[in-house]
Amino acid sequence: MNHQNEQLEALQEIRTLMERSSRFLSLSGLSGIIIGLVAILGIIAAYIFLGISPTEPGYFLFANASNGEPNTLFYTFFFADALIVLIVSLLAGSWMTMRKAKLQNLPIWDITAKRLLMNMMIPLFAGGIYCLILLYHGHIAFIAPATLLFYGLALLNASKYTINDIRYLGIMNVVTGLFASFFIDYALLFWAFGFGILHIIYGLAIYFKYEK
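The rules behind the values
- Residues numbered from 1 in each chain as written.
- Predicted model: local features only at pLDDT ≥ 70, side-chain atom pairs only at ≥ 80, totals over all residues.
- Heavy atoms only, no water.
- Helix = DSSP H or I, 4+ residues; strand = E, 2+ residues; numbered from the N terminus.
- Buried < 20%, exposed > 50% of the residue type's maximum accessible area, 1.4 Å probe, protein only.
- Contact = heavy atoms within 4.5 Å.
- Areas by Shrake-Rupley, 256 points an atom, 1.4 Å probe, with all protein chains shown as cover.
- Patch = residues over 30% accessible without salt bridge, like charges linked within 9 Å, V, L, I, M, F, W, Y side chains within 5 Å.
- Salt bridge = Lys/Arg side-chain N within 4 Å of Asp/Glu carboxyl O.

Student: Would you take a moment to explain the overall build of the protein for this structure?
Tutor: When you go through the protein residue by residue, the secondary structure sums to seven helices and zero strands. What you see in the protein, going N to C, is helices and strands ordered as α-α-α-α-α-α-α. When the 212 residues of the protein are sorted by exposure, 39% land in the buried category. Long-range pairs, those at least 24 residues apart, make up 76% of the contacts in the protein with a sequence separation of at least 6. Accessible area of the protein: about 12,900 Å², with a carbon and sulfur share of 71%.

This is the structure we're talking about:
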């Protein structure tokens, strides 16, 4: 009986080592929560800038000034808002991930991490180019849904190199992006849900499942 237990323990250890070598396991649930909160703060700032309530549609009308000329202030604000949210999210996520990896004695930058990053960057890069094309043609309303869709696809593409839970976050963001494509007047709310609330739910789930 003891011999069988030893064999089972050995197999479990081998399985754990294989999983660690093939999957990036240092993603932090707390970083997901922080990213979600930062995203929501960014959306709140956008609504304050627009001077409308979240239940009020038609905020994309603010994208153009009178005479059909582009509103430079609008573009500048939203670019700065999105950039700040992105930078803060990347810094928080990177720091929490490195912290978790150090606590678990796991490598931070290995072949698995490189594969994870590469598989995320391909859809994200394509999505960024597509959003610029939408902006060039004046289809501002569809930029928010596109970011959700490509972000969800990026998570799905990278999920095979990390914990399976991130796959569900990707699916939910794709679904959210599709809904946002239909209700474009409320795209900021879908942004808040996809990048904010879903990240917080994901972060809490990861924290209590793997880190608590």
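Back to the text.
Student: Any chance you could explain a nonpolar patch on the surface here in plain terms?
Tutor: A contiguous nonpolar surface patch, about 620 Å² in accessible area, is contributed by F79, L83, L86, I87, L90 and L91. Mapped onto the fold, L91 is located in helix α3 (residues 72-103). Relative accessible area serves as the criterion here: at 59%, L91 is assigned to the exposed category.

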